[in-house]
Amino acid sequence: MLNLAFALPVAGVPILRGAHLAFSRVLGKVSLHGLGLTLGTVGFAAIATFTGLYYASRHWTDPALALILFGTCFIVTRLLFAGAVNRWDGLRVAMVSFILESAGLFVLWSATTHDAALAGAALSGCGFALVFPALGVEALKVVADQNHGAALGVYTAFLDLAMGLTGPIAGAIVGKFGYSAIFLCGSGAAGCGFVLTLLLYRLGRAPHARLSLTTLERV
């Protein structure tokens, strides 16, 4: 209700007239950006879901402190680098973000002390903070202005997809390899997100690339 009170006075967004793409076309255009978002969200979902159990398995105390550090670094990074996407290009920012997130999750996986785990959680928060806006801006660039709403909706659905799938899959991984393994998987997923973003970056700047964006859309 409080959010509604703040939202009501906000001016509406003008409706842009023009041809609207079918859902399948929008999905094809933003699916790679959404896949990158999914890969980046795996680590976040792992931290949000399994940090308490991971701490208990290591006999550490105060798992809430790790979550607080993750959230604080996430918010501070968003506030301090809000203009980085427009200044340096969304794909570049996303690549740096994936590297930081992957490194943070790797530290969290390999941590042998409580302090090291806190450092990993903090670094992961810094890395994940700009993944959503950086890739989101690039996703909107591939559709016309009148299709931005549909593109953003489809793109955001990949975040929900990652949150929904990570829990069950991570549970199976934890059952076989222990709680720390999920953070290693998250680090690998973020690394794959970096590779995918690098591919998008290279294709976007190589007009004669053999693997075209049209081909990727079909895939």
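Residues numbered from 1 in each chain as written. Predicted model: local features only at pLDDT ≥ 70, side-chain atom pairs only at ≥ 80, totals over all residues. Heavy atoms only, no water.

(A) Here's a closer look at the overall build of the protein chain. Each helix and strand in the protein chain was counted, giving ten helices and zero strands. Walking the protein chain from its N terminus toward its C terminus, one meets helices and strands in the order α-α-α-α-α-α-α-α-α-α. The globule rule puts the C-alpha radius of gyration for 219 residues at 17 Å, and the 19 Å found for the protein chain is close to it. When the accessible surface of the protein chain is summed, it comes to about 11,800 Å², and 69% of that surface belongs to carbon and sulfur atoms. (Helix = DSSP H or I, 4+ residues; strand = E, 2+ residues; numbered from the N terminus. Rg over C-alpha atoms; globule rule 2.2 N^0.38 Å. Areas by Shrake-Rupley, 256 points an atom, 1.4 Å probe, with all protein chains shown as cover.)

(B) Inspection of a nonpolar patch on the surface at higher detail. A cluster of nonpolar side chains, Val76, Leu80, Phe81 and Trp88, forms an exposed patch at the surface whose accessible area comes to about 410 Å². By the element assignment, Val76 lies in helix H3 (residues 63-80). For Val76, a relative accessible area of 38% gives the class partly exposed. (Patch = residues over 30% accessible without salt bridge, like charges linked within 9 Å, V, L, I, M, F, W, Y side chains within 5 Å. Salt bridge = Lys/Arg side-chain N within 4 Å of Asp/Glu carboxyl O. Buried < 20%, exposed > 50% of the residue type's maximum accessible area, 1.4 Å probe, protein only.)

(C) Just helix H8 (residues 148-177), in detail. Here H8 is 30 residues long and its end C-alpha atoms lie 42 Å apart, about the 44 Å a rise of 1.5 Å per residue gives. Maximum bend of H8: about 30°, positioned at Thr166, with proline Pro168 one to four residues after it. Buried residues along H8 sit in contact with helix H2 (23-58), helix H7 (131-141) and helix H9 (180-204). Gly178 sits one or two positions beyond H8 and adopts a positive phi of about 95°. (Expected span 1.5 Å × (residues − 1). Bend = angle between axes of the 7 residues up to and from the residue. Contact = heavy atoms within 4.5 Å.)

(D) Molecular detail of the packing of H3 against helix H6 (residues 114-128). Relative to each other, H3 and H6 sit at 30°, their axes nearing to 7 Å. On the basis of the axis angle, H3 is roughly parallel to H6. Of the two possible hands of crossing, H3 and H6 adopt the one that is right-handed. Touching Leu65, Ala66, Leu69, Phe70, Cys73, Phe74 and Thr77 of H3 are His114, Leu118, Ala121, Ala122, Ser124, Gly125, Cys126 and Phe128, all from H6. (Axes fitted to C-alpha atoms, helices over the stretch in contact; angles between N-to-C directions. Parallel < 35°, antiparallel > 145°, perpendicular 65-115°, else oblique. Left-handed = near helix turned anticlockwise from the far one by under 90°.)

(E) Helix H5 (residues 90-110), seen in detail. Taking 1.5 Å as the rise per residue, H5 with 21 residues should run 30 Å; its terminal C-alpha atoms sit 30 Å apart, in good agreement. Turning to H5, the residues buried within the fold contact H2, helix H4 (84-88), H6, H7 and H9. Two or three places before Leu91, at the opening of H5, Asp89 has a side-chain oxygen 2.9 Å from that residue's backbone nitrogen. (Polar contact = N/O pair within 3.5 Å; in protein donor to acceptor, adjacent residues only side chain to side chain.)

(F) Representation of the nonpolar core within the structure. Core analysis: the largest hydrophobic core is formed by 46 residues, its most contacted members being Tyr54, Tyr55, Leu135, Ile182 and Phe183. With nine residues, the single largest contributor to this core is H2. Beyond its immediate chain neighbours, meaning those up to four positions away, Leu135 contacts His33, Gly36, Leu37, Leu91, Ala94, Phe98, Tyr155 and Thr197. (Core = buried A, V, L, I, M, F, W, Y, C linked by side-chain atoms within 4.5 Å.)

(G) Representation of the packing of H2 against H3. Relative orientation of the contacting elements H2 and H3 amounts to 160°, with a least axis distance of 8 Å. Taken as axis vectors, H2 and H3 run roughly antiparallel relative to one another. Crossing handedness for the pair H2 and H3: right-handed. Each of Phe44, Ile47, Ala48, Thr51, Gly52 and Tyr55 in H2 lies in contact with H3, whose residues at this interface are Pro63, Ala66, Leu67 and Phe70.

(H) Examining unusual backbone geometry more closely. The backbone phi angle of His59 is positive, close to 60°, even though this residue is not glycine. With respect to the element layout, His59 can be found in the loop between H2 and H3. At Asp89, a residue that is not glycine, the phi angle is positive and equals roughly 90°.

(I) Spatial organisation of the side chain of Thr77. Of note, Thr77 is situated in helix H3. The class of Thr77 is buried, set by a relative accessible area of 10%. Within the structure, Thr77 has its side chain in polar contact with the backbone oxygen of Cys73 (distance 2.7 Å). Setting aside residues no more than four positions away along its own chain, Thr77 makes contact with Ala82, Cys126, Ala129 and Leu130.

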